[in-house]
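Secondary and tertiary structure notes
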Amino acid sequence: MKKTKSKKKAVKLKVCELCEKEFETLETCQECGTEYCKECGDVGRGLCQDCVDYKESMKNTSTEDSE
Ligand SMILES: [Zn+2]
Ligand SMILES: [Zn+2]
């Protein structure tokens, strides 16, 4: 484990906009700009859970062919 010295005394924690827990680092959703923790979204895709759910629902409805 690496220890990094911070210049400021207090570690400023960010609050996840989805679960409202505090984290040192948060991801920013590329879709809506929400700051989320890695438990509240798909870090690999850069999306918060809301946008993941939205895209999943889009996929389910739109790829269904209706002829
Ligand atoms: Zn969260
Ligand atoms: Zn989002």
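From a predicted model like this one, the values you see are computed outputs, not experimental measurements.

Reading the values: the criteria
- Residues numbered from 1 in each chain as written.
- Chains lettered and ligands numbered in written order.
- Predicted model: local features only at pLDDT ≥ 70, side-chain atom pairs only at ≥ 80, totals over all residues.
- Helix = DSSP H or I, 4+ residues; strand = E, 2+ residues; numbered from the N terminus.
- Buried ≥ 20, exposed ≤ 12 C-beta atoms within 10 Å, placed from the backbone.
- Contact = placed C-beta atoms within 7 Å.
- Core = buried A, V, L, I, M, F, W, Y, C linked by C-beta atoms within 7 Å.
- pLDDT = per-residue confidence, 0-100.

With that settled, the discussion passes to the overall build of the protein chain. The helix and strand inventory of the protein chain stands at 1 helix and 6 strands. Expressed as a percentage of its 67 residues, the buried residues of the protein chain come to 15%. Restricting the contact set of the protein chain to residue pairs at least 6 apart, pairs at least 24 apart contribute 5%.

Here we take up unusual backbone geometry. Despite not being glycine, glutamate 20 has its phi angle at roughly 60°, a positive value. Relative to the helices and strands, glutamate 20 is located in the loop between strand S1 (14-15) and strand S2 (22-23). When the 9 C-beta atoms within 10 Å are taken as the criterion, glutamate 20 is described as exposed.

Attention now moves to the nonpolar core. Counting 8 residues, the largest nonpolar core is built from Cys16, Leu26, Cys29, Tyr36, Cys37, Cys40, Leu47 and Cys48. Every residue in contact with cysteine 37, bar those within four places of it in the chain, is listed here: Cys16, Cys19, Lys21, Phe23 and Leu26.

What follows deals with the environment of lysine 38. Along the chain, lysine 38 turns up in the loop between strand S4 (35-36) and strand S5 (41-42). Each C-alpha atom of the pair lysine 38 and phenylalanine 23 lies 9.7 Å from the other, and the pair is 15 residues apart in sequence. Non-local contacts of lysine 38, meaning those with residues more than four positions away in its chain, are made with Glu27 and Val43.

Moving on to the confidence of the model for the protein chain. Confidence in the prediction of the protein chain, expressed as mean pLDDT, is 88, and 85% of residues score 70 or more. Taken element by element, the predicted model of the protein chain shows its lowest mean pLDDT in helix H1 (residues 49-62) (89) and its highest in S4 (98).

It is worth spelling out the environment of arginine 45 at this point. Here arginine 45 is to be found in the loop between S5 and strand S6 (47-48). Judged by the 13 C-beta atoms lying within 10 Å of it, arginine 45 is partly exposed. Expressed as a C-alpha distance, the spacing of arginine 45 and cysteine 29, which sit 16 residues apart in the sequence, is 8.9 Å.

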